Amino acid sequence: MDFLRSCNEMAALVRESIRPLVGSPVGGKVIRMGADRTPTEKIDQVAEDCVIGYVREHDLCALLISEEAGKVPVDGGKGTIFLDPIDGTYNAVAGIPFYALSLAWATDGVVQQAFVQDLATKETFTAVRGKFAHCNGKPIHVSSTSRLDTSAMSVYGRKFDPTRMMQLGHKIRRWRLLGASALELSYIGAGRIDGFVDLRGTLRVTDAAAGMLICTEAGGTVSDLNGDPLDFPEEVTVGRCIIATNGVLHHKVIEYLR
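Throughout, residues of each chain are indexed from 1 in the direction in which the sequence is written. Given that the model is predicted, a residue must reach a pLDDT of at least 70 before its local features are reported, and side-chain atom pairs must reach 80 or more before they are shown or counted; all residues, however, enter totals for whole chains, interfaces and linings. With hydrogens and water excluded, all non-hydrogen atoms of the structure serve as input to the side-chain values.

Asks: Hey, could you run me through the overall build of the chain in this one?
Replies: Regarding its fold elements, the chain presents seven helices and 15 strands. Note that the radius of gyration is over C-alpha atoms, with the globule rule given as 2.2 Å times the number of residues to the power 0.38. For the chain, whose C-alpha radius of gyration is 17 Å, the value lies close to the compact-globule estimate of 18 Å for 258 residues. For the C-alpha atoms alone, the extent of the chain along its principal axes is close to 50 × 40 × 30 Å. Out of the 258 residues in the chain, the part that is buried amounts to 54%. Nonlocal contacts in the chain, meaning residues at least 24 apart in sequence, comprise 59% of its contacts between residues at least 6 apart. Working definition of accessibility: Shrake-Rupley area with a 1.4 Å probe, residue cover restricted to the visible protein chains. On the chain, roughly 11200 Å² of surface is accessible, and the fraction owed to carbon and sulfur atoms is 50%. Helix and strand assignments follow DSSP, with helices taken as H or I runs no shorter than four residues and strands as E runs no shorter than two, numbered in order from the N terminus. To sort residues, take the accessible area from a 1.4 Å probe on protein chains only and compare it with the maximum for the residue type: under 20% means buried, over 50% means exposed, and anything in between is partly exposed. A contact between two residues is defined here by any heavy atoms of the two lying within 4.5 Å.

Here is the structure:
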């Protein structure tokens, strides 16, 4: 099985299938509730159908987990694929060119390979555990930024006590909220931003599995709010908070959030 090559093929299918829906209100039409208990929009469903159809024909896994369909048994393959068919649905429907297909392949609960493609630009991030993190086939590495007051971070928070976030916010030089977590985690790996902080408690395994491996294989650090390893259950109804940084800044971010 060549997982990453298959991911490229799936991404091409998804791009073509959603083309008429990008930047269109039709793409944002809610058609049902997803397995993650959030509304499934038409563009999500079309993208997911492409991937599930491909996976069923190509022995890529024994189980696929997607935020729309939930757990989908697949005959003939091994391992588990975590799928977010459109990471950044709002951006896609609004015509903002920052949304992605996110795929991660895991064995025994550990992600081994990751693929995140910006569907608007075709820029592609990949990683294989213990081997590499790439962007468009070239090695990437996290930034060397060591001071919060020169850093740029994506910071998410909604319906939470802002007190501890503001302590960190006063130190960060640039706040960015780009709207597609898999890409933002990959951007840390590429050294474009220095961190990603999400305090909403809604980030699911399908959102984060691929981006986390890309980030860490590029030298970054990912943890929960206490600095402990982040553990996601294979269940799309369960969300987590996350801190991801270039590693150098990690403990500083945690201290300001306490």
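That covers the picture; the talk isn't over yet.
Asks: Help me understand helix H1 (residues 3-18) in this model?
Replies: In an α-helix, one turn spans 3.6 residues; hence positions three or four apart end up facing the same way. Each residue after the first adds 1.5 Å to the expected span of a helix. An ideal rise of 1.5 Å per residue puts 22 Å on 16 residues; H1 measures up with 22 Å between its terminal C-alpha atoms. Of all the residues in H1, the buried ones are Phe3, Leu4, Ser6, Cys7, Met10, Ala11, Val14, Arg15 and Ile18. Turning to H1, the residues buried within the fold contact helix H2 (42-57), strand S5 (80-87), strand S6 (100-107), strand S7 (110-118), strand S8 (124-128) and strand S9 (132-135).

Asks: Explain the environment of Glu41 to me, please; I cannot follow it from the model alone.
Replies: Secondary-structure assignment places Glu41 in strand S2 (residues 39-41). Sequence-distant contacts of Glu41, defined by excluding residues within four places in its chain, comprise Gly27, Gly28, Lys29, Val30, Ile31, Thr89 and Val93.

Asks: When you look at the sheet that holds strand S10 (residues 138-139) in this model, what are you seeing that I'm missing?
Replies: Hydrogen bonds between backbone atoms are what pair the strands of a sheet, whose relative direction is either parallel or antiparallel. The rule for pairing is simple: two strands pair if DSSP sees at least two bridges between them. Here eight strands make up an open sheet; going across it, the order is S4-S3-S5-S6-S7-S8-S9-S10 and the pairing mixed. In the strand order of this sheet, the two ends are held by strand S4 (70-73) and S10, each with one partner. Across four bridges, S8 lies against S9 in antiparallel orientation. Its bridge partner lying in S9, Phe125 is registered against Cys135. Lines fitted to the C-alpha atoms define the axes, with helices restricted to the stretch that makes contact. Angles between their N-to-C directions range from 0 to 180 degrees. Along the sheet face, H2 touches strand S3 (63-66), S4, S5 and S6 and points at about 150 degrees away from the line of S5.

Asks: What am I meant to see in the packing of H1 against H2 here?
Replies: The relative placement of two packed helices is expressed as an angle between their axes plus a distance between the axes. Across the interface, H1 lies against H2 with an axial gap of 9 Å and an inter-helix angle of 145 degrees. The two elements H1 and H2 meet at a crossing, and its hand is right-handed. Where H1 approaches H2, its residues Ser6, Glu9, Met10, Leu13, Val14, Ser17 and Ile18 are matched on the opposing element by Ile43, Val46, Ala47, Cys50, Val51, Tyr54 and Val55. Residue polarity is assigned by list, with Asp, Glu, Lys and Arg as charged and Ala, Val, Leu, Ile, Met, Phe, Trp, Tyr, Cys and Pro as nonpolar; anything else, Gly included, falls into the polar class. Among the residues forming the contact of H1 with H2, the class breakdown is 11 nonpolar, two polar and one charged. Left-handed describes a crossing whose near helix is turned anticlockwise from the far helix through less than a right angle; right-handed describes the clockwise counterpart.

Asks: Help me understand the side chain of Thr40, please; the structure alone is not making it clear to me.
Replies: Its location among the elements puts Thr40 in strand S2. Thr40 sits in the buried class, given a relative accessible area of 0%. We call two N or O atoms a polar contact when they sit within 3.5 Å, provided that within protein one can donate a hydrogen and the other can accept it, with sequence-adjacent residues counted only if both atoms are side-chain atoms. Of note is the side chain of Thr40, whose polar atom sits 2.4 Å from the side chain of Glu68. Beyond its immediate chain neighbours, meaning those up to four positions away, Thr40 contacts Lys29, Val30, Ile31, Arg32, Met33, Gly34, Gln45 and Glu68.

Asks: Sorry if this is basic, but what is going on with unusual backbone geometry here?
Replies: Negative phi characterises most residues that are not glycine, and trans characterises most peptide bonds. Even without being a glycine, Asp108 presents a positive backbone phi close to 50 degrees. Inspection of the secondary structure puts Asp108 in the loop between S6 and S7. Despite not being glycine, Lys122 shows a phi value in the positive range, around 70 degrees. The residue Lys122 is located in the loop between S7 and S8 in this model.

That's the geometry; what it means functionally is another story.
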